[in-house]
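Remarks on the overall topology
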Amino acid sequence: MLRLTELKLPLNHPEGAIEAALREKLGLKGGALRAFSVARRAWDARKRSAIELVYSIDFEVADEAALLRRFASHPVLGRTLGPTPDTSYRPVARAPAQVPKRPVVIGTGPCGLFAALILAEMGFRPIILDRGKVVRERTKDTWALWRRGVLTPESNVQFGEGGAGTFSDGKLWSGIKDPQHLGRKVLTEFVAAGAPEEILFVAKPHIGTFRLVTMVESMRAKIEALGGEYRFGTKVVDFIVETGRDGQRRMRGVVTEAGETIETDHVVLAIGHSARDTFSSLHAGGVFIEPKPFSIGVRIEHPQSIIDRARFGDFAGNPILGAADYKLVHHCNNGRSVYSFCMCPGGTVVAATSEPGRVVTNGMSQYSRAERNANAGIVVGITPEVDYPGHPLAGIDFQRHWEERAFVAGGGTYAAPGQRVGDFLAGRPSTSLGAVIPSYKPGVTPTDLSLCLPDFVVAAIREALPAFGRTIRGFDMEDAVMTGVETRTSSPIRIRRDATMRSINTLGLYPAGEGAGYAGGIFSAGVDGIRVAEAVGRDMAGMAAAA
Ligand code: FAD
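From a predicted model like this one, the values you see are computed outputs, not experimental measurements. (Residues numbered from 1 in each chain as written. Predicted model: local features only at pLDDT ≥ 70, side-chain atom pairs only at ≥ 80, totals over all residues.)

So, about the packing of helix H4 (residues 110-122) against helix H14 (residues 522-540). Relative to each other, H4 and H14 sit at 35 degrees, their axes nearing to 7 Å. The handedness of the crossing between H4 and H14 is right-handed. From H4, Pro 110, Cys 111, Gly 112, Leu 113, Phe 114, Ala 115, Ile 118, Leu 119 and Met 122 reach across to H14, where they touch Ile 522, Ala 525, Gly 526, Asp 528, Gly 529, Ile 530, Val 532, Ala 533, Glu 534, Val 536 and Gly 537. Of the residues belonging to the contact of H4 with H14, the class tally is 14 nonpolar, four polar and two charged. (Axes fitted to C-alpha atoms, helices over the stretch in contact; angles between N-to-C directions. Helix = DSSP H or I, 4+ residues; strand = E, 2+ residues; numbered from the N terminus. Left-handed = near helix turned anticlockwise from the far one by under 90°. Contact = placed C-beta atoms within 7 Å. Nonpolar A, V, L, I, M, F, W, Y, C, P; charged D, E, K, R; others polar.)

Given below as structure tokens:
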């Protein structure tokens, strides 16, 4: 099989145009082209009057080597034509007949799910623990906060089956390096679990919330069928670490909140970025943790139609393009950078706190992305050395401080503090909201967002919004609405690991995914889960560790 990349066609091309272009480019007549399929489809909207689709096409010909030879020195085809990469997944280890102690995976977010799946596929029958509830029960608790302002601290947007990305836009792209094509395993498993097949070939795949819920259930069924064992409502509160005569610290088990000890020599720690109590317990237990930069800011909402028009011009509404997204960055005079984060076209802003008395925003959407508003985080990068120096967990105190201020500014009911962009730029509190109706539930209190953000963040966002308005016309419109605070953009810590994926000072502990500081988003968390499970599998099978 061969692959041709960068095949460009106009957005509204007729059905047969791909085959015709492929034949023409490669001089393939009649039966010379045996079969073809679309491996990837992206769009290029830099020129709004002539938006193009950019394809990678996999195809078969009788003599592949001859075709490659023919175009080897062609200025374009020499670069864009080549063998189709083998992206199939093969387990790296096989469990021995007897596994004395089963591996434990903590967390059922994308990282824990994929770690558990890979371990189960290798035959290690992992035990999978999650502090939260099964996804259907969790959905009810999550909606209770959104509809009625009732928070369940162990079952919410952050905690429970499926992890933080279950109620999300389900965006699945990432800029990570993935030479082993582990991301393909993530996507194919998602499709097998019920995701739309197009995620295998569109450049910016997304799933939407409703499907994610059923997919998580379907993956659970698969993992259980392979010998995995789930335990929900099981929070790990302590880690049993033994120091040997060689001075090495070794993981020997975990203790649950119910007081049960589960003995194990291999723990995959996939606890996400909101498990603040667990971070404290790891730190108290001597596991090496260091502070890590993250970002803080607000969510902004605009009518989706404004974003569609600005991005796609007359092509706005085209079904292949769907609801438009954006990615913005502005470098400020005060040395800070402001950027858009986790943009959700046609979605809603959601209450994403896991702790009482705090307000956190984030965004989600359904597959159709058909809601009236576009939303995105507008956040400012912060660094430990400058903004929360001192203690490895100081970033958590920093987050909590501003989340509490947001709770108070919102009125103490889990309503979010909100402000019109016009008022924010003019430095006056909002007393009412305008034409853009905010989607955050249980509600938005018009106020002054500078009450719940550091001054340098307010200054940076004030400078960035007009600059963003020059890139996307209308971005700084008076009635666009901002809600806050967006604090859980990524983990405020990193639990450092070595080349064999183990904690640098605790053998048998495998920090993984977003919480440990090794992923940012569903896709990369899934890939990291696979990598870590492979490392555990190799170690348990007695194989030499991979570099
Ligand atoms: P998590 O998904 O956070 O999973 C951690 C799990 O560990 C949780 O299930 C938790 O209950 C469990 N846990 C924690 N502590 C313990 C303990 N002590 N004992 C037992 N269990 C424990 N990313 C994208 O790529 N695309 C998006 O569109 C997107 N939208 C998002 C929308 C929202 C509202 C949110 C909140 C996040 C969104 N994200 C999105 C980010 C994405 O969800 C995370 O990057 C991803 O879920 C991280 O995966 P993870 O497995 O590392 O951790």
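There's more to say after this.
Moving on, we come to the pairing of strand S13 (residues 294-303). Along S13, nine of the ten residues are buried, which leaves the element largely enclosed by surrounding structure. As paired strands, S13 and strand S18 (residues 373-382) are joined by ten bridges and run antiparallel to one another. Counted as the bridge partner of Ile 300 is Ala 376 from S18. Two strands pair when backbone bridges link them, and S13 and strand S21 (residues 481-486) are joined in this way by five bridges, in the antiparallel orientation. Its bridge partner being in S21, Val 298 is matched across the sheet by Gly 484. (Buried ≥ 20, exposed ≤ 12 C-beta atoms within 10 Å, placed from the backbone. Pairing = 2+ DSSP bridges.)

Examined at the domain level, the protein breaks down into domain 1 (2-83), domain 2 (104-290 + 493-540) and domain 3 (293-486). Here domain 1 and domain 3 have C-alpha centroids that lie 41 Å from each other. Listed per partner, the contact involves six residues of domain 1 and seven residues of domain 3. Residues of the side of domain 1 that touches domain 3, tallied by class, amount to four nonpolar, one polar and one charged. (Domains from an automatic or database assignment.)

Of the residues in the protein, 99% have a pLDDT of 70 or more, and the chain-wide mean is 96. Mean pLDDT values for the elements of the protein range from 94 in helix H10 (residues 384-387) up to 99 in strand S5 (residues 104-106). (pLDDT = per-residue confidence, 0-100.)

On to the UniProt feature "domain: FAD-dependent protein C-terminal" (unreviewed entry) in the protein, then. The feature "domain: FAD-dependent protein C-terminal" (unreviewed entry), as given by UniProt, occupies residues 293-489 in the numbering adopted here. Each end of residues 293-489 is marked by a C-alpha atom, and these two atoms are 10 Å apart; helix forms 26% of the span and strand 27%. (UniProt positions renumbered as here; feature names shortened; annotations may be inferred.)

Looking now at the site of the ligand. Every one of the 44 residues lining the ligand counts as a neighbour, but Gly 109, Gly 163, Gly 165, Gly 272 and Gly 513 are closest to it. Put simply, the parts of the chain that give the shell around the ligand at least two residues each are H4, strand S17 (361-364) and H14. A class-by-class count of the residues in the shell around the ligand yields 20 nonpolar, 18 polar and six charged. (Near = placed C-beta within 6 Å.)

With that settled, consider the sheet that holds strand S11 (residues 267-269). A sheet is described by the order of its strands in space; here five strands give the open sequence S7-S6-S5-S11-S23, paired in parallel fashion. On the outer flanks of this sheet lie strand S7 (229-231) and strand S23 (509-511), each paired with one strand and no other. Taken over all neighbouring pairs, the strand axes of this sheet differ in orientation by 20 degrees on average, direction set aside. As defined by bridge partners, strand S6 (residues 127-129) adjoins S7 across three bridges and the pair is classed as parallel. In the strand pairing of S7, Leu 129 is matched with Arg 231. Docked against the sheet, H4 engages S5, S6 and S11, running at close to 165 degrees with respect to S5.

On to unusual backbone geometry, then. Residues Lys 441 and Pro 442 are joined by a peptide bond in cis, for which omega reads 15 degrees. As for its placement among the helices and strands, Pro 442 is situated in the loop between helix H12 (421-426) and strand S20 (444-446). Residues Gly 484 and Val 485 are joined by a peptide bond in cis, for which omega reads 0 degrees. Relative to the helices and strands, Val 485 is located in strand S21. A positive phi angle, close to 45 degrees, is found at Arg 125, a residue other than glycine. Its location among the elements puts Arg 125 in the loop between H4 and S6. Its 16 C-beta neighbours within 10 Å are what place Arg 125 among the partly exposed residues. The phi torsion at Tyr 414 lies on the positive side, around 75 degrees, for a residue other than glycine. Along the chain, Tyr 414 turns up in the loop between helix H11 (394-409) and strand S19 (416-420). On the basis of neighbour count, Tyr 414 is assigned to the buried category, with 24 C-beta atoms found within 10 Å.

The next subject is the sheet that holds strand S10 (residues 261-263). Spatially, S8-S9-S10 is the arrangement adopted by the three strands of the open sheet, whose pairing is antiparallel. Only two strands of the sheet have a single partner each, and these edge strands are strand S8 (236-243) and S10. Averaged over all pairs of adjacent strands, the angle between their axes in this sheet comes to 30 degrees, without regard to strand direction. One ladder, built from three bridges, connects strand S9 (residues 249-256) with S10; its direction is antiparallel.

Along strand S16 (residues 348-351), one buried face is formed by Thr 348 and Val 350 and the opposite face, lined by Val 349 and Ala 351, is buried too. Of the strand pairs in this sheet, S16 and S17 are connected by four bridges, and their pairing is antiparallel. The residue of S17 that forms the bridge with Ala 351 is Thr 361.

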